[in-house]
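# Survey of secondary and tertiary structure
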Amino acid sequence: MNKIFFFSLVLLLTFSCSKKEEVKFEAFSPEAFAYDIGDSWEINATVNTRGFVKKEVGDELSTSLAFRVDIIDPDGVETKNIFIDSKEVTSKELIDVQLEAQFELDYNSPDGLYKIVFNITDKFSGETVTAQVEFELKK
């Protein structure tokens, strides 16, 4: 009886410890900043991603992400696809990928709170996620 219990315990520990937990595709820690560059505003925004599909390329891992950025002004007017890009990364260790967007707004844009929306697609799986962040324009 003790042998059966011991054997069952070893099997249970082996299978519970060897199973890796899947990380869900997600976007996290978005940030955005506006810089007055004289005749316009420069907007810089970043977001981190993880949980994307990784493909083996030799002894490295690779991923491919596409993203577009929308902006919503203080009056609620949305401008779609103000920035569009993609990022392919190949690395020995591939856990998180940071995406960056940079664009300009007219200097006469109204002061107030703006919202940036990142729309991100994992090109290998087709999964999509979004992340939002606010920033303020103030002359």
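Residues numbered from 1 in each chain as written. Predicted model: local features only at pLDDT ≥ 70, side-chain atom pairs only at ≥ 80, totals over all residues. Heavy atoms only, no water.

## Here's the deal with the pairing of strand E5 (residues 78-91)
Taken together, the 11 bridges between strand E4 (residues 60-72) and E5 define a ladder with antiparallel strand orientation. Each residue of the ladder has a partner; that of Leu 61, found in E5, is Ser 91. Two successive antiparallel strands, E4 and E5, enclose a turn made up of 5 residues, where Gly 76 displays a positive phi of approximately 90°. (Pairing = 2+ DSSP bridges. Helix = DSSP H or I, 4+ residues; strand = E, 2+ residues; numbered from the N terminus.)

## Looking at the pattern of salt bridges
Scanning the entire structure with this criterion turns up 7 salt bridges. Between Lys 92 and Asp 59 there is a salt bridge; the shortest N-O distance is 2.5 Å. One end of the pair, Lys 92, is in the loop between E5 and strand E6 (96-106); the other, Asp 59, is in the loop between strand E3 (55-57) and E4, with 33 residues separating them in the sequence. For Lys 92, a relative accessible area of 52% corresponds to the exposed category. The exposure class assigned to Asp 59 is exposed, which follows from its relative accessible area of 57%. Taking the shortest distance from any N to any O, the salt bridge between Glu 78 and Lys 80 comes out at 3.5 Å. Several salt bridges converge on common partners, so that one network encompasses Arg 68, Asp 70, Glu 78 and Lys 80. (Salt bridge = Lys/Arg side-chain N within 4 Å of Asp/Glu carboxyl O. Buried < 20%, exposed > 50% of the residue type's maximum accessible area, 1.4 Å probe, protein only.)

## Quick word on the nonpolar core
Judged by nonpolar contacts, the single largest core of 29 residues is most densely connected at Leu 105, Ile 116, Phe 118, Ile 120 and Phe 135. Not counting chain neighbours up to four residues away, the residues in contact with Leu 105 comprise Ser 40, Trp 41, Ile 43, Ile 71, Ile 82, Tyr 114, Phe 135 and Leu 137. (Core = buried A, V, L, I, M, F, W, Y, C linked by side-chain atoms within 4.5 Å. Contact = heavy atoms within 4.5 Å.)

## Here's the deal with a nonpolar patch on the surface
On the surface, a cluster of nonpolar side chains totalling about 290 Å² of accessible area is made up of Phe 33, Tyr 35 and Ile 37. Inspection of the secondary structure puts Phe 33 in strand E1 (residues 26-36). (Patch = residues over 30% accessible without salt bridge, like charges linked within 9 Å, V, L, I, M, F, W, Y side chains within 5 Å. Areas by Shrake-Rupley, 256 points an atom, 1.4 Å probe, with all protein chains shown as cover.)

## Here's the deal with the sheet that holds E1
Note on sheets: strands pair through backbone hydrogen bonds, and any given pair is parallel or antiparallel. Strand order across the open sheet formed by 3 strands is E1-E2-E6, with antiparallel pairing between neighbours. The open sheet has two edge strands, E1 and E6, and neither has a second partner. Across the sheet, the mean angle from the axis of one strand to that of its neighbour is 15°, orientation sign disregarded. Relative to strand E2 (residues 40-50), E1 runs antiparallel, the two sharing 9 bridges. (Axes fitted to C-alpha atoms, helices over the stretch in contact; angles between N-to-C directions.)

## Digging into unusual backbone geometry
Of note, the phi angle at Ser 29 is positive, near 55°, even though the residue is not glycine. Among the secondary structure elements, Ser 29 is positioned in strand E1. For Asn 81, which is not glycine, the phi dihedral falls at a positive 55°. With respect to the helices, strands and loops of the structure, Asn 81 is situated in strand E5. When its relative accessible area of 36% is taken as the criterion, Asn 81 is described as partly exposed.

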